[in-house]
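Survey of secondary and tertiary structure
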Number of protein chains: 2
Amino acid sequence: MTQIDLSPKTCANCPIRPRAICSRCTADELLELDKIKYYKTYPAGASVVLMGDPMTFVASVVSGVATLSRSMIDGRMQMVGLLLPSDFIGRPGRDKASYDVTAVSELTLCHFHKKPFEKVTHATPHVQERLVEIALDELDAAREWMLLLGRKTAREKIASFLLICARRLGRKEGESLHLELPLTRDAMSDYLGLTIETVSRQMAALKRDGVLLLEGTRKVTIPDFSRLLDEAGDDSDGATLS
Amino acid sequence: MTQIDLSPKTCANCPIRPRAICSRCTADELLELDKIKYYKTYPAGASVVLMGDPMTFVASVVSGVATLSRSMIDGRMQMVGLLLPSDFIGRPGRDKASYDVTAVSELTLCHFHKKPFEKVTHATPHVQERLVEIALDELDAAREWMLLLGRKTAREKIASFLLICARRLGRKEGESLHLELPLTRDAMSDYLGLTIETVSRQMAALKRDGVLLLEGTRKVTIPDFSRLLDEAGDDSDGATLS
DNA sequence: TTGAGAACTTGATCAGGATCAAGGTTTGCT
DNA sequence: AGCAAACCTTGATCCTGATCAAGTTCTCAA
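Residues numbered from 1 in each chain as written. Chains lettered and ligands numbered in written order. Predicted model: local features only at pLDDT ≥ 70, side-chain atom pairs only at ≥ 80, totals over all residues. Heavy atoms only, no water.

In the vicinity of DNA strand C lie 17 residues, with Ala154 and Thr198 of chain A together with Arg185, Ser200 and Arg201 of chain B positioned nearest. Taken together, the sugar and phosphate atoms account for 65% of what DNA strand C places within 4 Å of the protein. One of the backbone N or O atoms of Ala154 of chain A is found 2.8 Å from a phosphate oxygen in DNA strand C. Within the side chain of Arg185 of chain B, an N or O atom sits 2.9 Å from a phosphate oxygen of DNA strand C. Among the elements of the structure, helix H8 (196-208) of chain A together with helix H7 (185-192) and helix H8 (196-208) of chain B are those that each provide at least two residues to the surface near DNA strand C. For the surface near DNA strand C, a count of residues per class yields 3 nonpolar, 7 polar and 7 charged. (Near = heavy atom within 4 Å. Polar contact = N/O pair within 3.5 Å; in protein donor to acceptor, adjacent residues only side chain to side chain. Helix = DSSP H or I, 4+ residues; strand = E, 2+ residues; numbered from the N terminus. Nonpolar A, V, L, I, M, F, W, Y, C, P; charged D, E, K, R; others polar.)

Here we take up the sheet that holds strand E2 (residues 47-49) of chain A. Pairing between sheet strands relies on hydrogen bonds along the backbone, with the strands arranged either parallel or antiparallel. An order of E2-E7-E4-E5 (chain A) is seen for the 4 strands of this open sheet, with the pairing classed as antiparallel. The strands lining the two open edges of the sheet, one partner per strand, are E2 and strand E5 (77-83) of chain A. Pairwise comparison of adjacent strand axes, ignoring direction, gives a mean angle of 35 degrees for this sheet. Across 6 bridges, strand E4 (residues 66-71) of chain A lies against E5 of chain A in antiparallel orientation. Paired with Ser69 of chain A across the two strands is Met79 of chain A, which belongs to E5 of chain A. Its contacts with the sheet put helix H5 (residues 125-151) of chain B on E4 and E5 of chain A, and the angle it makes with E5 of chain A is roughly 130 degrees. (Pairing = 2+ DSSP bridges. Axes fitted to C-alpha atoms, helices over the stretch in contact; angles between N-to-C directions. Contact = heavy atoms within 4.5 Å.)

It is worth spelling out empty space enclosed by the protein at this point. Within the structure shown, the criterion is met by 7 cavities of 30 Å³ or more. Approximately 210 Å³ is the volume attributed to the largest cavity. Along its surface, the largest cavity is lined by 21 residues, and Ile89, Gly90, Arg91, Tyr99 and Glu138 of chain B are the ones closest to its centre. If you list the elements that add at least two residues to the lining of the largest cavity, you get helix H5 (125-151) of chain A together with strand E6 (88-89) and H5 of chain B. Here the lining of the largest cavity is composed, by residue class, of 16 nonpolar, 2 polar and 3 charged. (1 Å grid on protein atoms, 1.4 Å probe; cavity = no way out; pocket = protein on both sides within 12 Å on 5 of 7 lines; lining within 4 Å. Points joined across faces, edges and corners; volume = space filled by probe spheres on them.)

Another point: H7 of chain B. Within H7 of chain B, 7 of the 8 residues are buried, which leaves it mostly tucked inside the rest of the structure. For H7 of chain B, the secondary structure elements touched by its buried residues are H5 of chain A together with strand E5 (77-83), H5, helix H6 (154-169), H8 and strand E11 (213-215) of chain B. Among the residues trailing H7 of chain B, Gly193 of chain B stands out with phi positive, at a value near 65 degrees. (Buried < 20%, exposed > 50% of the residue type's maximum accessible area, 1.4 Å probe, protein only.)

The subject of this paragraph is the protein's contact with DNA strand D. Residues in close proximity to DNA strand D total 17 residues, the closest being Arg185, Ser200 and Arg201 of chain A together with Ala154 and Thr198 of chain B. When the atoms of DNA strand D within 4 Å of the protein are grouped by moiety, sugar and phosphate amount to 65% of the total. Residue Ser200 of chain A places a side-chain N or O atom 2.7 Å away from a phosphate oxygen belonging to DNA strand D. Here Thr195 of chain B contributes a side-chain N or O atom positioned 3.0 Å from a phosphate oxygen of DNA strand D. A per-element tally of the surface near DNA strand D places H8 of chain A first, with 4 residues.

Another point: the side chain of Ser98 of chain B. Examined against the element boundaries, Ser98 of chain B turns out to sit in the loop between E6 and strand E7 (100-103). Using a relative accessible area of 16% as the deciding quantity, one classes Ser98 of chain B as buried. Side-chain polar atoms of Ser98 of chain B contact the side chain of Arg91 of chain B, separated by 3.4 Å. If near-sequence neighbours (up to four positions away) are discounted, Ser98 of chain B is found in contact with Asp140 of chain A together with Met51, Arg70 and Arg91 of chain B.

Below, the discussion takes up the interface of chain A and chain B. Taken together, the 49 residues of chain A in the interface contact 49 residues of chain B. Of the roughly 4,600 Å² buried between chain A and chain B on both sides combined, carbon and sulfur atoms contribute 55%. Sorting the residues of chain A by area buried against chain B places Arg143, Met146 and Arg151 of chain A first, and these three jointly supply 18% of that buried surface. Where Arg76 of chain B meets Glu156 of chain A, a salt bridge forms, and the shortest distance between an N and an O atom there is 2.7 Å. Seen at the junction of chain A and chain B, the total is 28 residue pairs in polar contact (both at pLDDT 80 or more). (Buried area = accessible area lost by both parts, 1.4 Å probe. Salt bridge = Lys/Arg side-chain N within 4 Å of Asp/Glu carboxyl O.)

Glancing now at the pairing of E7 of chain B. Residues and elements named next belong to chain B. Alignment of strand E2 (residues 47-49) against E7, held across 2 bridges, turns out to be antiparallel. Bridge assignment links Val49 to a residue of E7, and that residue is Val101. Both strand E4 (residues 66-71) and E7 contribute to a ladder of 4 bridges, which runs antiparallel. By the bridge assignment, Ala66 is partnered in E7 with Ala103.

Here's what the structure looks like:
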């Protein structure tokens, strides 16, 4: 019988997400999933799927960054989700993609063919439960984003974006916090419902006001996290760093 | 053994949504659900739950209209969901409300205590599957809304809102389509990320341009549905009326 | 029927962010 | 190293939708 690969890497690639589920999956289930998985790497800028495409797989992000977006006929577009390592891609029970999925940096995905994946997970309530949880997490993020898009000023939008990045990508170092932005200014504008010029100007303004330090264009240092929280205008109990 | 009430009303009140699921629920499951359900009516304007409140129930809308919203400390608020009859309220597996839920008109809900509800549904994959589906539907709606909030003009926002209402509440009558708006101008502005004045002006403009007819302030007639589709700037294959 | 409050409309002015335009930096390829 | 392309910044101007300010029309209860 084949040895099941339970190294951290494999575990992180379980499309039902890291630890939480793996700890509840039986060896048989893991073996089944192992048989149907395959890795694929996309260059920066590549399209993973287009809206309306048949979705024949689910996947999880191993490394790199991807975005979900919707666009209008005239070219206006809005990013509706940001996918970082360990995030899940796919719509159990749905046949067609509802958004464009694009690799923003070089992107490696761990794919699972959808049919066999669904067969494995279909009758296992703990996996279904995890899928509900994933969907609700995404829903919360989307609704948080609706507040941002509908009601926040440009400056607050930028601060909120930095906050999200800081929570997921930041590493603390004494009082201050370092992170590398996963998106270009252009992609940020798509995410925030702004133009690239406004993003650039507001970044400059936050720097001028000492909310952040910039090294080059992507490396950000936040000297005072609570200051950033204020700027984001956030209601949520986000005083803690995850 | 008590007679299980399978009248349309009860079926429509199954929080896992009407027919689709009930047809797959066993008699025992339905009986269990029946035991733990209770109805409650809220006057217009009443708060059903506030963000952060412990959620001790799930429910479905029997009649009336409710809204989900998030607000900022300074009072700015954004509606993040609209609940019409047959819609589901609740977050399986979550303890606290993530949004405010407010009755917009007189609202009747069919409640289920959460603990026993989860006990009934916990080990039944077909219910879990349905819950995934519900969550994904809401996610699609939220992301569609993100495009609206981030990229559409005021006029397009109004048209899109009318479109949504038309799809769910409209009744056809020859070429044209009648509907009664479920929200006040004020609530519309909260939904669309606009001010009440802008909503009023754009409604007037659409009327002036013959996209809609108004009888009083809530009764709308759409003489040409495809015209409305154009105005909404929608990409989706919405040529059909559900 | 009348009156009070809520809901809605309309107008004038203002401002935040978009648009247009030009120049500067970084990155990666040969 | 040198060049082109992509990426980013900054400035000037414009325009959509916000804000401020009256009015008008509904709704409903006494």
